[in-house]
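What the coordinates show
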Amino acid sequence: VLSPIDGVIADRLLNPGERADGRPIVRVIELARLQVEVIIPAARFGKVQSGMTGRVIPNVVDASAIEASVVQVDRFIDPASGTFRARLAINNPSLAVPAGVRCDVTFDGKASGKSPG
């Protein structure tokens, strides 16, 4: 069985001996390209747009800021929390950023949001 991407197995969805019948067998995570989901206060709505760059600072010891590009922004504000979401993409070829870690994100030098982890 071959994966279409290089990565690590995050979840085994079937056990040895089970029939696949077209179902996924494992979930593979690509570590060289990461996505950052950011929750942003409604006051910044319209100021964060696809194509912008942001600085992502992983919450790990001795982490440095990494440039990421905004690839998707919600077109609505969640009324319960007064926030909206954006997705950024990071090229991570040296695997310097561990997948799943919480991050702080800034756009244009202004604190904007936190990743849920």
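Residues numbered from 1 in each chain as written. Predicted model: local features only at pLDDT ≥ 70, side-chain atom pairs only at ≥ 80, totals over all residues. Heavy atoms only, no water.

Here we look at the overall build of the protein
- For the protein, the helix and strand inventory stands at zero helices and eight strands.
- Order of helices (α) and strands (β) in the protein, N terminus to C terminus: β-β-β-β-β-β-β-β.
- Scaling as 2.2 N^0.38, a compact globule of 117 residues should have a C-alpha radius of gyration of about 13 Å, whereas the protein reaches 17 Å, well beyond that.
- Along the first, second and third principal axes, the C-alpha set of the protein runs to 55 × 35 × 25 Å.
- Among the 117 residues that make up the protein, the fraction classed as buried is 26%.
- If you sum the accessible surface of the protein, you get close to 8000 Å²; carbon and sulfur atoms cover 53% of it.
- Between the mean site of the 14 positive side-chain charges and the mean site of the 12 negative ones, the protein shows a separation of 4 Å. (Helix = DSSP H or I, 4+ residues; strand = E, 2+ residues; numbered from the N terminus. Rg over C-alpha atoms; globule rule 2.2 N^0.38 Å. Buried < 20%, exposed > 50% of the residue type's maximum accessible area, 1.4 Å probe, protein only. Areas by Shrake-Rupley, 256 points an atom, 1.4 Å probe, with all protein chains shown as cover. Lys, Arg positive; Asp, Glu negative; His and termini not counted. Charge placed at Lys NZ, Arg CZ, Asp CG, Glu CD.)

Observations concerning the confidence of the model for the protein
- Taken over all residues, the pLDDT of the protein has a mean of 88, while the share at 70 or more is 92%.
- Mean pLDDT values for the elements of the protein range from 60 in strand S8 (residues 110–114) up to 95 in strand S6 (residues 83–91). (pLDDT = per-residue confidence, 0-100.)

Here we look at the nonpolar core
- Among the nonpolar cores identified, the biggest contains 20 residues, and Val48, Val56, Leu88 and Phe107 are the most heavily contacted of them.
- Elements supplying a minimum of two residues to this core: strand S3 (33–41), strand S5 (66–73), S6 and strand S7 (103–107).
- Not counting the four nearest positions on each side in its chain, Val56 is found in contact with Val36, Ser64, Ala65, Ile66, Ala68, Leu88, Ile90, Cys103, Asp104 and Val105. (Core = buried A, V, L, I, M, F, W, Y, C linked by side-chain atoms within 4.5 Å. Contact = heavy atoms within 4.5 Å.)

Overview of the pairing of S3
- Burial along S3 is one-sided: Leu34, Val36, Val38 and Ile40 are buried, and none of Arg33, Gln35, Glu37, Ile39 and Pro41, which face the opposite way, are.
- Both S3 and S6 contribute to a ladder of nine bridges, which runs antiparallel. Note on S6: the bridge partner recorded for Leu34 is Ile90. (Pairing = 2+ DSSP bridges.)

With respect to the pattern of salt bridges
- Scanning all chains against the criterion turns up three salt bridges.
- Notably, a salt bridge pairs Asp21 with Arg19, separated by 2.9 Å at the nearest N-O pair.
- Classification of Asp21 as exposed rests on a relative accessible area of 56%.
- Arg87 is the partner of Glu37 in a salt bridge, and the nearest nitrogen-oxygen pair spans 2.4 Å. (Salt bridge = Lys/Arg side-chain N within 4 Å of Asp/Glu carboxyl O.)

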